[in-house]
Number of protein chains: 4
Amino acid sequence: MKVIADLCVVPIGVGVSVSSYIAACQRVLEGAGLEIRLHAYGTNIEGEWDEVFAAIKRCHEVVHEMGAPRIHTNIKCGTRVDREQTMREKVESVTRKLT
Amino acid sequence: MKVIADLCVVPIGVGVSVSSYIAACQRVLEGAGLEIRLHAYGTNIEGEWDEVFAAIKRCHEVVHEMGAPRIHTNIKCGTRVDREQTMREKVESVTRKLT
Amino acid sequence: MKVIADLCVVPIGVGVSVSSYIAACQRVLEGAGLEIRLHAYGTNIEGEWDEVFAAIKRCHEVVHEMGAPRIHTNIKCGTRVDREQTMREKVESVTRKLT
Amino acid sequence: MKVIADLCVVPIGVGVSVSSYIAACQRVLEGAGLEIRLHAYGTNIEGEWDEVFAAIKRCHEVVHEMGAPRIHTNIKCGTRVDREQTMREKVESVTRKLT
């Protein structure tokens, strides 16, 4: 089952600067061979369900190993069985209607 | 790794009445032996990371099998390594401060 | 326009114990005369759109005033124009299908 | 109060093709003069709290006017009082750590 997800990891108890934790998550996601795209409030991820969620779990493990005692995470995830659709196609189907 | 999660599954392409799909997800979560609590905008879930996310994947599979061509899901999930905390304790720590 | 919302406020930069901030938000929401229900990963809120979002803004202001330098908040919100539906009815429509 | 938000509007009861509704929301946000950036699972928005949330309310109104009987929306929103930060800076602070 393919999934398009959006991940936002918020380390708690490590102060207000969290970009080094987010960067570590990006490395986890890239290292898992997933198609990803960072934006200002999370990261789009595309891949097989099991691989995507294994990588998200690994993000939690890594952020805890870096010293964050607590993590709050938001995940949006979409699956569809009527047809395949990539992240690129989702964006293009909207932008086409805007021109 | 223990996790407290909040799950909100939104079937798309099956009209506006979605409660039968949500009920099916409740059965999946209960069948997985997870501690759960339904509220008006999702379901709190407590358990081991792998069991919780296996059940969430199963929810997607079941909702697709019921006929929903597309699913949009929101997950919030929290882990902590400083101490254990249950769903009940999270609610109580807030309500104690309100009295 | 009526809305049913779910609010989860996460203060950042104030350590791992956040229940006093959540309790303050509960007081804001109750003080606004909104129908609310605390759960283990947020608070269900029911009311008129403008009143609900004014109260959510006030929560941010209060949590900052309490000393949190940064806040991350999740809101789910649902509106419908086909018929009215309360938080209680949403839960009951699911639980009826489970018995 | 400045806010950086992420908006994901899901029309329910109008079938599986929702891009025309998302495009309409983009027009609302742009028409409100907000700094926005579409991604594969939502739209980043930057602006003053009141303007951002007035535009989000307008999105709900427009999507209902287009015929969607029900809408499910996810909003993430972040405020900070320690310093100003733009969407661009959030992304750059992560990408700098990845090179």
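Residues numbered from 1 in each chain as written. Chains lettered and ligands numbered in written order. Predicted model: local features only at pLDDT ≥ 70, side-chain atom pairs only at ≥ 80, totals over all residues. Heavy atoms only, no water.

*Asks:* Looking at this structure, how should I read the packing of aromatic side chains?
*Replies:* The description of an aromatic ring pair rests on the distance of the ring centres and on the angle between the ring planes. Across all of its chains, the model carries 6 aromatic pairs over all chains by this definition. For the ring pair F53 of chain A and F53 of chain B, a centre distance of 5.6 Å and an interplane angle of 35 degrees mean the geometry is tilted. Highlighted residues: F53 of chain A in helix α2 (residues 49-65) and F53 of chain B in helix α2 (residues 49-65), drawn from two different chains. Among the residues examined, F53 of chain A registers a relative accessible area of 5% and is labelled buried. Three or more aromatic residues joined by ring pairs make a cluster, and in this case those are W49 and F53 of chain A together with W49 and F53 of chain B. Across the ring face of Y41 of chain D, the terminal group of K90 of chain A is positioned such that the distance to the ring centre comes to 3.9 Å. (Phe/Tyr/Trp six-rings, centres within 6.5 Å; stacked < 30°, edge-to-face > 60°. Helix = DSSP H or I, 4+ residues; strand = E, 2+ residues; numbered from the N terminus. Buried < 20%, exposed > 50% of the residue type's maximum accessible area, 1.4 Å probe, protein only. Lys NZ or Arg CZ within 6 Å of the ring centre and 35° of its normal.)

*Asks:* Looking at this model, I keep getting lost on the side chain of K57 of chain C. Mind explaining?
*Replies:* Tracing the sequence through the fold places K57 of chain C in helix α2 (residues 49-65). Within polar-contact distance, the side chain of K57 of chain C engages the side chain of D50 of chain D at 2.9 Å. (Polar contact = N/O pair within 3.5 Å; in protein donor to acceptor, adjacent residues only side chain to side chain.)

*Asks:* What is the right way to read the interface of chain D and chain A from this model?
*Replies:* Accessible area lost on assembly of the parts is the figure often given for the size of an interface. Across the boundary between the two partners, chain D contributes 31 residues, which contact 31 residues of chain A. Interface of chain D and chain A: buried area, both sides summed, is about 2700 Å²; carbon and sulfur atoms make up 62% of it. Counting the contacts that link chain D with chain A gives 2 salt bridges. Across the salt bridge formed by D6 of chain D and K76 of chain A, the nearest N and O atoms sit 3.2 Å from each other. Linking chain D to chain A there are 19 residue pairs in polar contact (both at pLDDT 80 or more). Among the elements of the structure, β1 (2-12), α1 (19-31), β2 (35-39), β4 (70-80) and α3 (87-95) of chain D are those that each provide at least two residues to the side of chain D that touches chain A. For the side of chain D that touches chain A, a count of residues per class yields 14 nonpolar, 9 polar and 8 charged. (Contact = heavy atoms within 4.5 Å. Buried area = accessible area lost by both parts, 1.4 Å probe. Salt bridge = Lys/Arg side-chain N within 4 Å of Asp/Glu carboxyl O. Nonpolar A, V, L, I, M, F, W, Y, C, P; charged D, E, K, R; others polar.)

Any functional reading would require information that these geometric values do not contain.
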